[in-house]
Amino acid sequence: MNHREYIDRSFDGQLSPGEWDALQAAVIADPDLRREYVERRWVHALLESGSEALPSLFAGASPAPAARAARATSRPLLRLSAAAAVVFFCATLFLVLDRRTDTTVATLIEAQDCRWAGSDLPTVEGAGLAPGTLALMEGMATIRFKSGATVTLEAPGVLVVESAMKCRLIEGSVVADVPESAHGFTIDTPKMEVIDLGTRFGVTTTPLGNSNVFVFEGEVKVKENASPVAKHLFAGHSLVGATDPQPDQDQEVRRSEPLPSPGDDWTPISTAVGRGGDTYIRRGDAHGPTGGHPLLMVKHTDLADNNVRRALLTFDRSTLGSARIRDARLALKMESSGLGFSSLVPDSRFAIYGITAGSPVFRDEVSLLWKNAGPLGDASLSESMFRRLATFEIRKGSPNGLIETRSDALTEFLQSHPDEIVSLLIVRETGESDKQGLVHAFASKEHPTSPAPTLWIQTAPLE
Amino acid sequence: MADNGPDQAAENYLQLLNQHERALSAYVYALVNDRHDAEDIIQSCKLTMWKQFARFEAGSHFVAWARRIALHQILNYRRSARRKPLYSTDPAFIEAVAAEIDREGETLSARSEALQECLRQLPENQRRLVLLRYYEDHDISLIAQETERTEAAVYKLLSRVRSALNDCVTARLSASAT
């Protein structure tokens, strides 16, 4: 058989693996065959990708009259079978529709600030879900399976609903709450299968297919593809899959989006300018100094002492000279920290504190640790050293946007601050319901693509 | 927070996606044999495109950009190991076919238009076969059972329908070119 005949057979799985390999090699080697392959494959691909529209396409046009006439005159038997085909077609269509209403395996019970990326399932609250895919761009969606298991998908994420007892996480994070009735509920990921044994647990999957599992309560069984033996995980434990060799292999040139300027008379001062800097500190200093990290992590929790994190921003405003400050705002670019689940943290409030003149200055970000940061780590920040200048809120499941905060207190603080160096401390005030709650993060001056923390200052011209 | 920046971006994105979704899906289906894999890839593609949308330059070629992202996803796709693929595909093959699709991009989108018309002209019995194979997603052996034919006969009929569609599309294009 020649390779041309192989082409069409490959569309229906009619080739042996050896024949398929031979076809691949021939297509790579022969430009004419390649053209023909693409031409024929394209028709097949269009039929597959547009299959949903086929019934309505056919319904909107009557079949070719010539073909019909030929059948009617010369082949009466076939005419009968054509009529039967119409009946059959209607019956199958009915079955298909019926099957779709009947095979609901779950309900979308909550869709908070959701933006969907063309999911093939209904995305309104209360909708019944048949097996299919949900792709969430923004927000957080909670699905109750008929088995009783509840799964919350956090954006960005892709979840395939397979049955009342099973779903598949292609990418993103979910938190599952599984009652006794649904023991055995399974979350499948590219590299492992997580089987519930009565619990509450979370699973994250990165775009490269690596997964982590965290058990909040009870027990789960994890079957990794790479290992024949299933592991049991209990409350408070986690299983961290292999880390990505490269977080982003995209070949495209990365570029930083410049911050939008509020106006001509505004001057940006980022933490990368002059003697500025940024870092965050983590109670317990589990991983040593955190200066030079691309992310500034911020978290508050009453449940796990050593997970508290605060960010310190230092700005050098010497470039402004003696111009009078009229207004100011702080711009921070949110980023995913990859740590924790946002379902476990409510809408969160953050406070920006100004460190008053004359206070000790923490400038050496490379060696700054929680333990040598003195008052920066105090549970209640002293009023003589810290001015609470502004707050901002990040809603549960909100996308990684740019956060701009302004307040009169911030402007007044800058106006009255005598030094060229200004230090701000960012603290999250909202706690969490489980210690696996989300760690918020903002781009630091080391971030490869996002803008560094920036203080925008509007000055009045000197008169 | 920026006033309407993120909302505007999402709206632009969804509008472009809406406009070019078919072209993106066809591209993925042309390069991926397994239908379930293709569906997974298309969904993650849409998400990745949204995540990288800030890097998409307005006015540049959305489909070309989408294809680049899709190709990257296809080459890096990790299938759930419990589903065995029928065929294993050589990355060099995928890249060769992808390059050919890029080269023939214009012609292929014209072929997509023509196919709609050619499908409308299919006689009833062929329509039924197309529905069973593509809409119901049945494989050859299941269709053979349902239509009480041998698998070889079903395959032959199906192959004939695709060839007829292909010839019809080519004929329409050369007719409109002259």
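Note that the structure is a prediction, hence the values are computed from the model and not measured.

Asks: Please explain the overall build of chain B as it appears in this structure.
Replies: Along chain B, the regular secondary structure elements total eight helices and zero strands. Of the regular secondary structure in chain B, the N- to C-terminal order runs α-α-α-α-α-α-α-α. Here chain B holds 178 residues, and 47% of them are scored as buried. Nonlocal contacts in chain B, meaning residues at least 24 apart in sequence, comprise 64% of its contacts between residues at least 6 apart. Summing over all exposed atoms, chain B offers an accessible surface of approximately 8600 Å²; the carbon and sulfur share of this is 49%.

Asks: Just checking my understanding: could you explain the overall build of chain A for this structure?
Replies: Across its full length, chain A holds seven helices and 21 strands. Burial analysis of chain A (463 residues in total) assigns 52% to the buried set. With an accessible surface of roughly 20300 Å², chain A has 52% of that area assigned to carbon and sulfur atoms.

Asks: In this structure, what is going on with the pairing of strand β18 (residues 402-406) of chain A? I would like to understand it.
Replies: For a regular strand, side chains alternate in direction, first toward one face of the sheet and then toward the other. Residues and elements named next belong to chain A. The element β18 is largely enclosed, with a buried count of four among its five residues. Pairing geometry for strand β15 (residues 324-335) and β18, over five bridges, is antiparallel. Looking across to β18, one finds that R329 is bridged to R406.

Asks: What exactly am I supposed to notice about the packing of aromatic side chains here?
Replies: To describe a pair of aromatic rings, you give the distance between the ring centres and the angle between the ring planes. Under the criterion given, the structure shown has 16 aromatic pairs over all chains. A network of ring pairs unites the aromatic residues Y13, W50, F53, F56, F62 and W65 of chain B as a single cluster. The positively charged end of R329 of chain A is found above the aromatic ring belonging to W266 of chain A, 4.9 Å away from the centroid.

Asks: What should I look at first to understand unusual backbone geometry in this one?
Replies: It is generally the case that most residues other than glycine have a negative phi and that most peptide bonds are trans. Residue P156 of chain A is bonded to the preceding A155 of chain A through a cis peptide linkage, with omega at -10 degrees. Residue position: P156 of chain A is located in strand β4 (residues 150-163). Positive phi values are uncommon outside glycine, yet D137 of chain B reaches one of about 60 degrees. For D137 of chain B, a relative accessible area of 35% gives the class partly exposed. Despite not being glycine, E148 of chain B has its phi angle at roughly 55 degrees, a positive value. Mapped onto the elements, E148 of chain B comes out in the loop between α7 (140-147) and α8 (151-177).

Asks: In this structure, what is going on with the pattern of salt bridges? I would like to understand it.
Replies: Pairs can form between side chains of opposite charge once their charged atoms are near each other. Per the stated rule, a full pass over the model turns up 32 salt bridges over all chains. Between D177 of chain A and R200 of chain A there is a salt bridge; the shortest N-O distance is 3.2 Å. Linking D177 of chain A in strand β5 (residues 166-178) with R200 of chain A in strand β7 (residues 192-205), this pair joins segments that are 23 residues apart in sequence. We classify D177 of chain A as partly exposed; its relative accessible area is 38%. Residue E420 of chain A pairs with R275 of chain A through a salt bridge whose shortest N-O separation is 2.8 Å. Taken together, the positions of E420 of chain A in the loop between α7 (408-416) and β19 (421-428) and R275 of chain A in the loop between β11 (266-270) and β12 (277-282) put the pair 145 residues apart, joining distant regions of the chain. Linked by salt bridges that have partners in common, D32, R34 and R35 of chain A together with E100 and R103 of chain B make up one network.

Asks: Could you clarify how one ought to interpret α7 of chain A in this entry?
Replies: For an α-helix, the turn length of 3.6 residues means that residues three or four places apart are oriented alike. Residue and element names in this part refer to chain A. Turning to α7, its buried residues are L410, T411, F413 and L414. An end-on view of α7 places all buried positions within 160 degrees of arc, on one side of the element. The inward-facing, buried residues of α7 contact β15, β16 (348-355), β17 (386-394), β18, β19 and β21 (454-460).

Asks: Help me understand the packing of helix α2 (residues 17-29) of chain A against helix α4 (residues 91-103) of chain B in this model?
Replies: Pairs of packed helices are described in terms of their axes, by the angle between the two and the distance that separates them. Closest axis-to-axis distance for the α2 of chain A/α4 of chain B pair is 9 Å, and the angle between their directions is 45 degrees. Our classification of the angle between α2 of chain A and α4 of chain B gives oblique. For the pair α2 of chain A and α4 of chain B, the crossing hand works out as left-handed. Every residue of α4 of chain B that contacts α2 of chain A at W20, Q24, V27 and I28 of chain A is listed here: A92, F93, A96 and V97 of chain B.

Asks: Explain the nonpolar core to me, please; I cannot follow it from the model alone.
Replies: Nonpolar side chains tend toward joint burial in soluble globular proteins. By size, the foremost hydrophobic cluster in this structure holds 79 residues, and its most contacted members are Y37 of chain A together with L31, M49, I101, L119 and L165 of chain B. It is helix α1 (residues 5-31) of chain B that contributes the most residues to this core, 10 residues altogether. In this structure L165 of chain B touches V43 and L47 of chain A together with L115, C118, L119 and L122 of chain B, once residues within four positions along its chain are discounted. One finds L108, W116, L129 and V203 of chain A within the second-largest nonpolar core, a separate group that totals 35 residues.

Asks: I'm lost on the sheet that holds β17 of chain A in this one. Help?
Replies: Pairing between sheet strands relies on hydrogen bonds along the backbone, with the strands arranged either parallel or antiparallel. All names here are of chain A. Pairing is antiparallel in the open sheet, where five strands are placed in the order β12-β14-β19-β16-β17. The sheet terminates laterally at β12 and β17, the two strands that pair on one side only. Shown here is a sheet whose adjacent strand axes are inclined to one another by a mean of 20 degrees, direction ignored. Note that β12 and strand β14 (residues 309-316) share six bridges and pair antiparallel. Residue Y280 lies in a different strand from β14, and its bridge partner there is A311. This element, α7, spans β16, β17 and β19 of the sheet and lies at about 145 degrees to β17.

Asks: I'm lost on the environment of L339 of chain A in this one. Help?
Replies: Residue and element names in this part refer to chain A. With respect to the secondary-structure elements, L339 resides in the loop between β15 and β16. Given a relative accessible area of 34%, L339 falls into the partly exposed group. In this structure, L339 is in contact with M297, R309, G437, L438 and V439, ignoring residues within four places of it in sequence.

Asks: Explanation requested: the confidence of the model for chain A in the structure shown.
Replies: A low pLDDT score tells you not to read the predicted coordinates there in detail. Residues and elements named next belong to chain A. Per-residue pLDDT for chain A averages 79, and the proportion of residues at 70 or more is 84%. Taken together, the stretch residues 64-101 has pLDDT below 50 and engages in 28 contacts with residues farther than four places along the chain or on a different chain. A low-confidence stretch, residues 243-257 (pLDDT under 50), is modelled with 31 contacts involving residues beyond four sequence positions or located in other chains.

Asks: Hey, could you run me through the environment of A98 of chain B in this one?
Replies: Residue and element names in this part refer to chain B. Along the chain, A98 turns up in helix α4. Separated by 67 residues in the primary sequence, A98 and L31 have C-alpha atoms spaced 7.2 Å apart. Setting aside chain neighbours within four positions, we find A98 in contact with Y27, L31 and L71.

Asks: Looking at this structure, how should I read the pairing of strand β13 (residues 295-298) of chain A?
Replies: Residues and elements named next belong to chain A. Every second residue of β13 is oriented toward a common face, with L295 and M297 on one face and L296 and V298 on the other, all of them buried. Pairing of β13 with strand β20 (residues 440-443) involves four bridges; the strand directions are antiparallel. Looking at the pairing, V298 lines up with H440 of β20.

Asks: Just to check I follow, could you spell out the confidence of the model for chain B for this structure?
Replies: The predicted model of chain B averages 86 in pLDDT, with 92% of residues at 70 or higher. As a predicted assembly, this complex carries a pTM of 0.54 together with an ipTM value of 0.92.

Asks: Just to check I follow, could you spell out the environment of A311 of chain A for this structure?
Replies: All names here are of chain A. Here A311 is to be found in strand β14. Classification of A311 by relative accessible area gives buried; the value is 1%. The sequence separation of A311 and V427 amounts to 116 residues, and the corresponding C-alpha distance is 6.9 Å. If we skip the residues at most four places from it in the chain, A311 touches T279, Y280, L296, M297, V298, L424, L425 and I426.

Procedures and definitions
Residues numbered from 1 in each chain as written. Chains lettered and ligands numbered in written order. Predicted model: local features only at pLDDT ≥ 70, side-chain atom pairs only at ≥ 80, totals over all residues. Heavy atoms only, no water. Helix = DSSP H or I, 4+ residues; strand = E, 2+ residues; numbered from the N terminus. Buried < 20%, exposed > 50% of the residue type's maximum accessible area, 1.4 Å probe, protein only. Contact = heavy atoms within 4.5 Å. Areas by Shrake-Rupley, 256 points an atom, 1.4 Å probe, with all protein chains shown as cover. Pairing = 2+ DSSP bridges. Phe/Tyr/Trp six-rings, centres within 6.5 Å; stacked < 30°, edge-to-face > 60°. Lys NZ or Arg CZ within 6 Å of the ring centre and 35° of its normal. Salt bridge = Lys/Arg side-chain N within 4 Å of Asp/Glu carboxyl O. Arc of directions from axis to C-beta. Axes fitted to C-alpha atoms, helices over the stretch in contact; angles between N-to-C directions. Parallel < 35°, antiparallel > 145°, perpendicular 65-115°, else oblique. Left-handed = near helix turned anticlockwise from the far one by under 90°. Core = buried A, V, L, I, M, F, W, Y, C linked by side-chain atoms within 4.5 Å. pLDDT = per-residue confidence, 0-100.

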